[in-house]
Amino acid sequence: MTQVQDRSPSLLANWDPEDERFWRETGGRVARRNLVVSIVNEHIGFSVFTLWSVLVLFLGPDTGFSFSASDKFLLISTPTAVGALMRLPYGYLVTRFGGRDWTVFAGLVLLVPTVLAAVFVRLPGTPLWVFVLVAATAGLGGGNFASSMCNIHAFYPRHRQGWALGLNAGGGNLGVVTAQLAGLAVLATAGDTHPVYLVSLYMPLIVLAAVAAALWMDNLPTLQHQGSAQRAALRNKHTWMLSLLYVTTFGSFIGYGFAFGLVLKEQFGFTALQAASVTFLGPLLGSLARPVGGRWADRWGGARVTLWMLLAMTAGTAFLYLATEASSSLAFIVASTVLITFAGIGNGSTYRMIPEVFAGRADGAEGSTAGSSQASGAVIAIAGAVGALGGVLINLAFRFSFGAAGSAGPAIAGFLVFYALCVLVVRAVYLRKDRPAAADRPRPEPA
């Protein structure tokens, strides 16, 4: 009976998470149920999104492939680029079809990249361009992030969004880790000649996650109001500034997470098994740290926490450059792991800045949707799409760096300069003492 009441059309149509009584009696329970199933589906999406960063470790002479380092960086860049492009339409389509219906559809579509990968990794004579097209379909898993975040954002009150969005994103980001651990398990037990084993693991999981969404998620009618806000958000300068920051944090998380194993192979001569045995550490810690970033931002303000993380990432990148120049694989592994962890915390705090910044501009001076929940949802989708491009840029930078200099050093030096510029942006725009932003205001500790 409770389950039926929780999913009644009248309750969902009049959803008001800011009403504390409603939240205590019904809203919190419904939101948590949707959050749990959303995390599961986003986790599977990220795993599929990550598959090619692991599959390239199998594509060597032992399996009949002769792809160069540049070719492999292209293969891991392609799903990242497609995932970034798909995030904006996914963020809109979930408002059009509803969280439950869209999650079911977007989940089942992931059978396409997994089936294609299972076929072509067993065909060594296949040209590179075909593999690029197959890898591109894995980008659909990256689009799931935007729709999931937009959907969950609508279920939670503002002062709980940092923690909820952090859990949703962090649980999804762990898909990077599980794909890498699954690859490690295949390499350790079956060797590097059976990549199809890795892909086949995910086919039944995709179906089960979609069934769970159909049974236990809801279509929230109030979510539809966010669809029209995206056009207004595109005209707001803070949309692009926040997107730039997300390029830095999430782009670093996904970019380094995808490239880490391949850089270890090309820079330090690691075998596939050796590389896979350490590449999961950074994404694991970064994923677990993302909700912490949201929680800290709820308490101390998103801009302040983001600034701390950007400073830490700048220092970590400087150490990473020194480790590369000194040819120290141990120092490189430590620096990369710490850097991805800081990026994970920054992911949570940057996303928390979005509702804070737009709530601080509720007078409408900078856009008709400023200060509204609809504006925040729209910017979440846009920032997620643009931010994912950071992962593309990182992988392309590594591709160019190895092609031109045979080393990751030039790429890492470029990242260092970029992080330093982002520190200045946060300090100048969101932490100016003469014009405090909402993102600098600490929020009460969530109950």
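Worth saying up front: this structure is predicted, and the values here are computed from it rather than measured.

Draft legend 1. Main features of the nonpolar core. Counting 126 residues, the largest nonpolar core has Trp-15, Trp-52, Leu-198, Tyr-256, Leu-264, Phe-332 and Phe-398 as its most contacted members. Those residues in contact with Leu-264 that lie beyond four places of it in its chain are Gly-269, Phe-270, Ala-275, Val-278, Thr-279, Phe-332 and Ile-333. Counting five residues, the second largest nonpolar core, distinct from the first, contains Val-37, Val-104, Ala-212 and Met-217.

Draft legend 2. How the structure looks around the environment of Asp-101. Its place among the elements puts Asp-101 in helix α5 (residues 99-108). With a relative accessible area of 38%, Asp-101 lands in the partly exposed category.

Draft legend 3. Inspection of the packing of aromatic side chains at higher detail. Tallying each qualifying case throughout the model produces 26 aromatic pairs. Geometrically, the ring pair formed by Phe-65 and Phe-131 is edge-to-face, given 5.4 Å between the ring centres and 90° between the ring planes. With Phe-65 in the loop between α3 (20-55) and α4 (69-97) and Phe-131 in helix α7 (residues 128-137), the pair connects residues that are 66 residues apart, well separated along the chain. By the burial criterion, Phe-65 is buried, and Phe-131 matches it. Aromatic side chains Phe-73 and Phe-402 sit 5.6 Å apart centroid to centroid with 20° between the ring planes, which places their arrangement in the stacked category. Of the two residues, Phe-73 sits in helix α4 while Phe-402 sits in helix α18 (residues 373-405), which places them 329 residues apart along the sequence. Taking the relative accessible area as the measure of exposure, Phe-73 reaches 0% and is therefore buried. Counting every residue linked through ring pairs, the aromatic cluster contains Phe-46, Phe-49, Phe-145, Tyr-246, Phe-250, Phe-253 and Phe-258.

Draft legend 4. Geometry of the packing of helix α9 (residues 161-190) against helix α15 (residues 281-300). Packing of α9 against α15 leaves a shortest axis separation of 7 Å and a crossing angle of 175°. As summarised for this structure, α9 and α15 are arranged roughly antiparallel, according to the angle between their axes. Contacts between α9 and α15 involve Gly-162, Trp-163, Gly-166, Leu-167, Ala-169, Gly-170, Asn-173, Leu-174, Val-176, Val-177 and Gln-180 on the former and, on the latter, Pro-283, Leu-284, Ser-287, Leu-288, Arg-290, Pro-291, Gly-294, Arg-295 and Asp-298. Across the contact of α9 with α15, the residue classes break down as 10 nonpolar, seven polar and three charged.

Draft legend 5. The arrangement of the side chain of Ser-77 in detail. Counting through the fold element by element, Ser-77 comes out in helix α4. In contact with Ser-77, other than residues within four places in its own chain, are Val-392, Asn-395 and Leu-396.

Draft legend 6. Local environment of the pattern of salt bridges. Within the structure shown, the criterion is met by four salt bridges. Notably, a salt bridge pairs Glu-25 with Arg-21, separated by 3.1 Å at the nearest N-O pair. Placement of the pair is Glu-25 and Arg-21 together in helix α3, with a separation of four residues, close to one helical turn. According to the relative accessible area criterion, Glu-25 is partly exposed, its value standing at 47%. For Arg-21, a relative accessible area of 56% puts it in the exposed group. As a salt-bridge pair, Arg-33 and Asp-218 come within 3.0 Å of each other at their nearest N and O atoms.

Draft legend 7. Region of interest: the packing of α4 against α5. Two numbers describe how α4 lies on α5: the axes approach to 7 Å, and their chain directions differ by 130°. Relative to α5, the element α4 lies oblique. You can see that α4 and α5 cross each other, and the crossing is right-handed. Residue-level inspection shows Tyr-90, Leu-93, Val-94 and Phe-97 of α4 in contact with α5, the latter providing Gly-99, Asp-101, Trp-102 and Ala-106. Looking at the contact of α4 with α5 residue by residue, the classes come out as six nonpolar, one polar and one charged.

Draft legend 8. Main features of the environment of Leu-208. Structurally, Leu-208 can be placed in helix α11 (residues 202-216). Put simply, Leu-208 and Val-40 are 168 residues apart on the chain and 9.8 Å apart in space, counted from C-alpha to C-alpha.

Draft legend 9. View of a nonpolar patch on the surface. Residues Leu-108, Val-207, Val-211, Leu-215 and Trp-216 make up a contiguous nonpolar surface patch of roughly 420 Å² in combined accessible area. Residue contributions to the nonpolar patch peak at four residues, all from α11. Within the secondary structure, Trp-216 sits in helix α11. Residue Trp-216 is classed as partly exposed on the basis of its relative accessible area of 43%.

Thresholds, definitions, all that
- Residues numbered from 1 in each chain as written.
- Predicted model: local features only at pLDDT ≥ 70, side-chain atom pairs only at ≥ 80, totals over all residues.
- Heavy atoms only, no water.
- Core = buried A, V, L, I, M, F, W, Y, C linked by side-chain atoms within 4.5 Å.
- Buried < 20%, exposed > 50% of the residue type's maximum accessible area, 1.4 Å probe, protein only.
- Contact = heavy atoms within 4.5 Å.
- Helix = DSSP H or I, 4+ residues; strand = E, 2+ residues; numbered from the N terminus.
- Phe/Tyr/Trp six-rings, centres within 6.5 Å; stacked < 30°, edge-to-face > 60°.
- Axes fitted to C-alpha atoms, helices over the stretch in contact; angles between N-to-C directions.
- Parallel < 35°, antiparallel > 145°, perpendicular 65-115°, else oblique.
- Nonpolar A, V, L, I, M, F, W, Y, C, P; charged D, E, K, R; others polar.
- Salt bridge = Lys/Arg side-chain N within 4 Å of Asp/Glu carboxyl O.
- Left-handed = near helix turned anticlockwise from the far one by under 90°.
- Patch = residues over 30% accessible without salt bridge, like charges linked within 9 Å, V, L, I, M, F, W, Y side chains within 5 Å.
- Areas by Shrake-Rupley, 256 points an atom, 1.4 Å probe, with all protein chains shown as cover.

Nothing here speaks to function; it is geometry throughout.
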